[in-house]
Amino acid sequence: MKEGFYFENNTMHTWYYLLPIITALTGWCINSILLKYLFRPYQLKKVLFFSIQGILPSKKEKICVLLAQHIIERLPIESIIKKSTSKESIENMMPLAESAIDEFLRKKLVEKMPMLLMFVSDRLINELKNIFIDELNTLLPAMITKYMQQFNHKEQLTQLLQEYFKKMDNQTIEMAIRKNTPVVAVFQWWGMISGFLIGCIQLLLLYSISSVH
């Protein structure tokens, strides 16, 4: 009887040492399932009497609304308009505008109206270009302001952002979150480490209890 009891007790002690490994694997598996359920399945699926869908895909519409509202509330529209129409910004745009006007007068206008070729000279092109540039210096700030003011209609802009976010593919969203969110990347390892620590605590408690007896 004593030998049988010793063998049984010794075997139980051997299994005790496996507790940290078992709990570590359990923690890894549980966190892996939770992480998978966070994103998948992308579409609503029926399993027997239950409907299953990933947490984020099922809440996608609500998340899109909240995200769009959050962006619009913090978008400094007036500051953007002021900076875009500043003298410095207009001056930075002028070289590009001048290049486009020059190309239009020298190439595209002549291609469309070949008869102008006999009347167009470098002096005329330069004079016309200067006239257009002067007009643009006046018109650009007004045009930019008018264009940017449409973004002051927050409800309309919020709706546009919502529609844009809703069109995003669920798989693309998952990849972006996994890639740019460190917590998601270590979530499975955190489950394994916490499971291992829990197993070690259980092992210490069992060892303390067995020592008392």
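Scoring rules and cut-offs
- Residues numbered from 1 in each chain as written.
- Predicted model: local features only at pLDDT ≥ 70, side-chain atom pairs only at ≥ 80, totals over all residues.
- Heavy atoms only, no water.
- Helix = DSSP H or I, 4+ residues; strand = E, 2+ residues; numbered from the N terminus.
- Buried < 20%, exposed > 50% of the residue type's maximum accessible area, 1.4 Å probe, protein only.
- Contact = heavy atoms within 4.5 Å.
- Areas by Shrake-Rupley, 256 points an atom, 1.4 Å probe, with all protein chains shown as cover.
- Polar contact = N/O pair within 3.5 Å; in protein donor to acceptor, adjacent residues only side chain to side chain.
- Axes fitted to C-alpha atoms, helices over the stretch in contact; angles between N-to-C directions.
- Parallel < 35°, antiparallel > 145°, perpendicular 65-115°, else oblique.
- Left-handed = near helix turned anticlockwise from the far one by under 90°.
- Nonpolar A, V, L, I, M, F, W, Y, C, P; charged D, E, K, R; others polar.
- pLDDT = per-residue confidence, 0-100.
- Patch = residues over 30% accessible without salt bridge, like charges linked within 9 Å, V, L, I, M, F, W, Y side chains within 5 Å.
- Salt bridge = Lys/Arg side-chain N within 4 Å of Asp/Glu carboxyl O.
- Bend = angle between axes of the 7 residues up to and from the residue.

**Section: the overall build of the chain**
Stage number 1. When you go through the chain residue by residue, the secondary structure sums to 11 helices and two strands.
Stage number 2. Tracing the chain from N to C terminus, the helices and strands come up as α-α-β-β-α-α-α-α-α-α-α-α-α.
Stage number 3. Residue burial in the chain is summarised as follows: out of 213 residues, 22% are buried.
Stage number 4. Expressed as a percentage of contacts within the chain between residues at least 6 apart in sequence, the contacts between residues at least 24 apart total 72%.
Stage number 5. Of the accessible surface of the chain, which amounts to about 16800 Å², a share of 66% is contributed by carbon and sulfur atoms.

**Here's the deal with the side chain of Thr-23**
Stage number 1. Along the chain, the position of Thr-23 falls in helix α2 (residues 19-39).
Stage number 2. For Thr-23, a relative accessible area of 15% gives the class buried.
Stage number 3. A distance of 2.6 Å separates a polar atom in the side chain of Thr-23 from the backbone oxygen of Gly-195.
Stage number 4. Setting aside residues up to four positions removed in sequence, Thr-23 forms contacts with Gly-195, Phe-196, Gly-199 and Gln-202.

**Let's talk about the packing of helix α6 (residues 87-112) against helix α7 (residues 122-148)**
Stage number 1. Remark: α6 packs on α7, axes separated minimally by 9 Å, with the N-to-C direction vectors making an angle of 140°. When the axes of α6 and α7 are compared, the pair comes out oblique. Our pair here, α6 against α7, has a crossing hand that is right-handed. Of α7, the residues touching α6 (which contributes Ile-90, Met-93, Met-94, Ala-97, Glu-98, Ile-101, Asp-102, Leu-105 and Arg-106) are Asp-122, Ile-125, Asn-126, Leu-128, Lys-129, Phe-132, Ile-133, Leu-136, Asn-137, Leu-140, Pro-141 and Ile-144.
Stage number 2. The residue inventory of the contact of α6 with α7, partitioned by class, reads 14 nonpolar, two polar and five charged.

**Concerning the confidence of the model for the chain**
Stage number 1. Taken over all residues, the pLDDT of the chain has a mean of 80, while the share at 70 or more is 88%.
Stage number 2. Per-element mean pLDDT across the chain ranges from 53 in helix α1 (residues 2-16) up to 91 in α2.
Stage number 3. Long-range and interchain partners of residues 1-8, a stretch whose pLDDT sits below 50, account for zero contacts in this model, where long-range means more than four residues apart.

**Overview of a nonpolar patch on the surface**
Stage number 1. A cluster of nonpolar side chains, contributed by Tyr-37, Val-47, Leu-48, Phe-49, Phe-50, Ile-52 and Ile-55, occupies part of the molecular surface with about 790 Å² of accessible area.
Stage number 2. Within the element layout of this structure, Phe-50 appears in strand β2 (residues 50-52).

**Re α6**
Stage number 1. At Phe-104, α6 shows its largest kink, close to 45°.
Stage number 2. Taken together, the buried positions of α6 are occupied by Ser-89, Ile-90, Met-94, Ala-97, Ile-101, Asp-102, Leu-105 and Val-110.
Stage number 3. Buried residues in α6 make contact with α5 (77-84) and α7.

**A short note on unusual backbone geometry**
Stage number 1. Look at the link from Arg-40 to Pro-41: it is a cis peptide, with omega at 0°.
Stage number 2. If you trace the backbone, Pro-41 turns up in the loop between α2 and β1 (45-47).

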